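Spelled out, the chains give:
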Amino acid sequence: MAIAERQPLLRNTITVASALRSPRQLSREFLAGMVTTLALIPEVISFSIVAGVDPMVSLVASIVLAITMSILGGRPGVITAAAGSVALVIAPLVHQHGVQYVLPTVILAGIVQIAFGAAGLARLMRFIPRSVMTGFVNALGILIFTAQVRHVLHLPWLGYVLFTGTFAIIFIVPKFTKIIPSPLIAIVVVTAIVMIAHLVVPDVAGEGPLTGQLPGITPFLVPLNLTTLQLIWPTALSVAVVGLMETLLTAKLVDEITDTPSHKGRESWALGVANLLAGFYGGIAGCAMIGQTLLNVKTGGARTRISTTVAGLFLLASATALSSIMGQIPMVALAAVMMVVAVTTVDWHSVKPSTLKRMPLPETTVMVATVAVTVLTDNLAYGVLVGVVLAMVLFARRVAHVINVRRTTSDDGATAHYEVTGPLFFGSSNDLVDHFRYAEDPARVTIDLSRAQIWDASTVAALDAIETRYRAYGAAVAIEGLDERSTGFHQRLTGHLGA
């Protein structure tokens, strides 16, 4: 996969302690965090407009989220901030009922996320198949790229010169040095040109005002009663689920890029804590920023919590003391950086004709469906949900046809013996009753399940139905060969399912 490309010197596990002992890695962490912040600011401001809240609210919430997750999170390197997916979920509530309902919504969402992580439900991530992850990565690349297109349309000709120059710096500088990330050099150089030459091009300040003033504690302005709970719980649940899904998928993606494990449960409850804090000081929820995380980990080469802490602190400085300078960064420079991230994010190997030819059709179908739904809805969570459900359906359909039933009779013809092979669950056991010759078989029938296992109540119900039909012909059925787990499962349910 394209996402597996790594810098050779980073293949070993790098910790905060080892990074602090290595000036080169430490500088890499600092610079990666800084360039990630520069790419983070305009998106956070844009998402605040979508959500209907003040840009400084989203910026301050992002500072709290980034620093809190740097301390508590289970996946070093992941950038957490006020994300677009959360903004899209919150926006209808704000527009219909007012911004005062955001705080209780964020609090409830944070509590749900803490409970999710504490209950160990993050282990459900193991059920996301590779084809869905591949579709997730490809859709992510498309979304990141298309989100930048609006910044490079209808520009004055100088804007396109700066846009081209940014690409040139990004690709040429690494041929001479890799100590400083080339995207950071590109942003600094292009911004300096604009400031010195007094060029007029769309900049970060044009996305929303950077006042430099930090808000205080978010006031709780709605009544704490059942009516409020009924109003906010659907949005809060959506915020919690979307945030968890994007955060855990991002953590899994970083696991693959770095070949290091992460603690998904810790990442889940830490996100809940971070959102609670961001709600009270800032005012809006967030989750992992996938594009910026890839910029931090893949392009910047960051591997530890140092980079995300630097990102949070530099975002604080950028939103306050450096707000006037940050506001002058040309949007074309940031768009060029994120377009490069988008192109390198896509798993190009997965869409090669040779790869598609070898891949099973169901796997390709799941990948394409994940990409299509994500791009059409502009929501990664929807795409992954559809992909997982489709993968389960296609898997169940394939497995349903792998059981085999072989019939033999004893030498004296007094006993019919059936040997069942394959997994028995709702998809396969519903047809199991059709494999037996009820009217033809003798008075004794044995069903050998030593090469099969019972996985659900549907199978027990099917076996009960088989025994009932044989009983109508005066035949006795003996089920044998079950393993210990299947035996206990069958004994507990047989005769109690109404078959």
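Residues numbered from 1 in each chain as written. Predicted model: local features only at pLDDT ≥ 70, side-chain atom pairs only at ≥ 80, totals over all residues. Heavy atoms only, no water.

A.B. asks: Help me understand the overall build of the protein chain in this model?
C.D. replies: If you tally the helices and strands in the protein chain, you get 20 helices and 6 strands. By its C-alpha atoms, the protein chain is 100 × 60 × 45 Å across when sized along the principal axes. In the protein chain, buried positions account for 54% of the 499 residues. Taking the contacts inside the protein chain whose residues are at least 6 apart along the sequence as the reference set, 83% of them involve residues at least 24 apart. Carbon and sulfur atoms make up 66% of the accessible area of the protein chain, which amounts to about 22,300 Å² in all. Taking the 32 positively charged and 28 negatively charged side chains of the protein chain as two groups, their mean positions are separated by 9 Å. (Helix = DSSP H or I, 4+ residues; strand = E, 2+ residues; numbered from the N terminus. Buried < 20%, exposed > 50% of the residue type's maximum accessible area, 1.4 Å probe, protein only. Contact = heavy atoms within 4.5 Å. Areas by Shrake-Rupley, 256 points an atom, 1.4 Å probe, with all protein chains shown as cover. Lys, Arg positive; Asp, Glu negative; His and termini not counted. Charge placed at Lys NZ, Arg CZ, Asp CG, Glu CD.)

A.B. asks: Explanation requested: the packing of helix 6 (residues 130-149) against helix 9 (residues 226-258) in the structure shown.
C.D. replies: The description of two helices packed together rests on the angle between their axes and the distance between the axes. In contact at an axis separation of 11 Å, helix 6 and helix 9 are set at 100° when each is read in the N-to-C sense. What the angle tells us is that helix 6 and helix 9 run roughly perpendicular. Taking contact as the criterion, the partners of Met133, Phe136, Val137 and Leu140 in helix 6 are, on helix 9, Leu249, Lys252, Leu253 and Glu256. (Axes fitted to C-alpha atoms, helices over the stretch in contact; angles between N-to-C directions. Parallel < 35°, antiparallel > 145°, perpendicular 65-115°, else oblique.)

A.B. asks: Looking at this model, I keep getting lost on the nonpolar core. Mind explaining?
C.D. replies: Note on soluble globular proteins: their nonpolar side chains tend to be buried together. Counting 93 residues, the largest nonpolar core has Leu59, Phe136, Leu253 and Ile284 as its most contacted members. Ranked by residue count, the leading element in this core is helix 9, at 11 residues. Non-local contacts of Ile284, meaning those with residues more than four positions away in its chain, are made with Ala51, Val53, Val57, Ser58, Ala61, Ala82, Ile90, Val102, Val106, Ala278 and Gly279. Formed by 25 residues, the second largest nonpolar core is a distinct cluster that contains Ala416, Leu463, Ala475 and Val477. (Core = buried A, V, L, I, M, F, W, Y, C linked by side-chain atoms within 4.5 Å.)

A.B. asks: Would you explain the packing of helix 11 (residues 290-299) against helix 14 (residues 331-345) in this entry?
C.D. replies: In the contact formed by helix 11 and helix 14, the axes pass within 10 Å of each other and the chain directions differ by 80°. Between helix 11 and helix 14, the interaxial angle falls into the category roughly perpendicular. Two secondary-structure elements touch here, helix 11 through Gly291, Gln292, Leu294, Leu295, Lys298 and Thr299 and helix 14 through Val337, Met338, Val341, Thr344 and Thr345. Of the residues belonging to the contact of helix 11 with helix 14, the class tally is 5 nonpolar, 5 polar and 1 charged. (Nonpolar A, V, L, I, M, F, W, Y, C, P; charged D, E, K, R; others polar.)

A.B. asks: Help me understand the pattern of salt bridges in this model?
C.D. replies: A side chain of one charge can pair with a side chain of the opposite charge if their charged atoms are brought near each other. Scanning the model with the defined rule gives 6 salt bridges in all. In this structure, the salt-bridge partner of Arg75 is Asp255, at a minimum N-O distance of 2.7 Å. Taken together, the residues span a long stretch of sequence, with Arg75 in the loop between helix 3 (55-72) and strand 1 (80-81) and Asp255 in helix 9 at a distance of 180 residues. Accessibility assignment for this pair places Arg75 and Asp255 in one class, buried. Among the salt bridges present, the one from Arg451 reaches Glu419, with a minimum N-O distance of 3.6 Å. Remark: Glu419 occurs in strand 4 (residues 415-424) and Arg451 occurs in strand 5 (residues 444-454); sequence separation between them is 32 residues. Assessed through its relative accessible area of 13%, Glu419 is described here as buried. Among the charged side chains, a network of salt bridges with common partners joins Arg75, Asp255 and Lys264. (Salt bridge = Lys/Arg side-chain N within 4 Å of Asp/Glu carboxyl O.)

A.B. asks: In this structure, what is going on with the environment of Thr247? I would like to understand it.
C.D. replies: Looking at where Thr247 falls in the secondary structure, it is placed in helix 9. A relative accessible area of 2% places Thr247 in the buried class. Taking the C-alpha atoms as reference, Thr247 lies 33 Å from Ala168; in sequence the two are 79 residues apart. Within the structure, Thr247 has its side chain in polar contact with the backbone nitrogen of Ala288 (distance 3.1 Å). (Polar contact = N/O pair within 3.5 Å; in protein donor to acceptor, adjacent residues only side chain to side chain.)

A.B. asks: Please explain a nonpolar patch on the surface as it appears in this structure.
C.D. replies: Side chains of Leu226, Leu229, Trp233, Leu237 and Val241 sit close together on the surface and give an oily, nonpolar patch of about 470 Å² of accessible area. On the secondary structure map, Val241 appears in helix 9. Its relative accessible area of 41% is what places Val241 among the partly exposed residues. (Patch = residues over 30% accessible without salt bridge, like charges linked within 9 Å, V, L, I, M, F, W, Y side chains within 5 Å.)

A.B. asks: Help me out: how do you make sense of the sheet that holds strand 3 (residues 404-409) in this one?
C.D. replies: Hydrogen bonding along the main chain pairs the strands of a sheet, whether they run parallel or antiparallel. The 4 strands are arranged 3-4-5-6 in an open sheet whose pairing can be described as mixed. Strand pairing shows two members of the sheet lacking a second neighbour, strand 3 and strand 6 (476-480), which therefore form its edges. Recorded for the sheet is a direction-independent mean angle of 20° between the axes of neighbouring strands. Across 6 bridges, strand 3 lies against strand 4 in antiparallel orientation. Each residue of the ladder has a partner; that of Val405, found in strand 4, is Val420. Its contacts with the sheet place helix 19 (residues 457-472) against strand 4, strand 5 and strand 6, and it is angled at close to 170° to strand 5. (Pairing = 2+ DSSP bridges.)

A.B. asks: Just to check I follow, could you spell out the environment of Val368 for this structure?
C.D. replies: Mapped onto the fold, Val368 is located in helix 16 (residues 361-377). Placed 17 residues apart in sequence, Val368 and Val351 show a C-alpha to C-alpha distance of 9.8 Å.

A.B. asks: Got a minute to help me understand unusual backbone geometry in this structure?
C.D. replies: For residues besides glycine, phi is generally negative; the peptide bonds are generally trans as well. A positive phi angle is found at His154, which is not glycine, with a value near 60°. Here His154 shows up in the loop between helix 6 and helix 7 (157-172). One non-glycine residue, His198, lies in the positive phi region at around 55°. Structurally, the position occupied by His198 is in the loop between helix 8 (182-197) and helix 9. We classify His198 as exposed; its relative accessible area is 67%.

A.B. asks: Sorry if this is basic, but what is going on with the confidence of the model for the protein chain here?
C.D. replies: Any segment with low pLDDT has predicted coordinates that should not be analysed in fine detail. Per-residue confidence for the protein chain gives a mean pLDDT of 88, with 96% of residues at or over 70. Taken as a whole, residues 1-11 scores under 50 in pLDDT and shows 28 contacts with residues more than four places along the chain or in a different chain. (pLDDT = per-residue confidence, 0-100.)

A.B. asks: Whenever I open this one, helix 11 confuses me. Can you help?
C.D. replies: In an α-helix, one full turn covers 3.6 residues, which means residues spaced three or four apart are oriented alike. Counting buried positions along helix 11 gives 9 out of 10 residues, so the element sits mostly inside the fold. Where helix 11 is concerned, the buried positions are Ile290, Gly291, Gln292, Thr293, Leu294, Leu295, Asn296, Val297 and Lys298. Downstream of helix 11 by one or two residues, Gly301 has phi in the positive range, about 80°.

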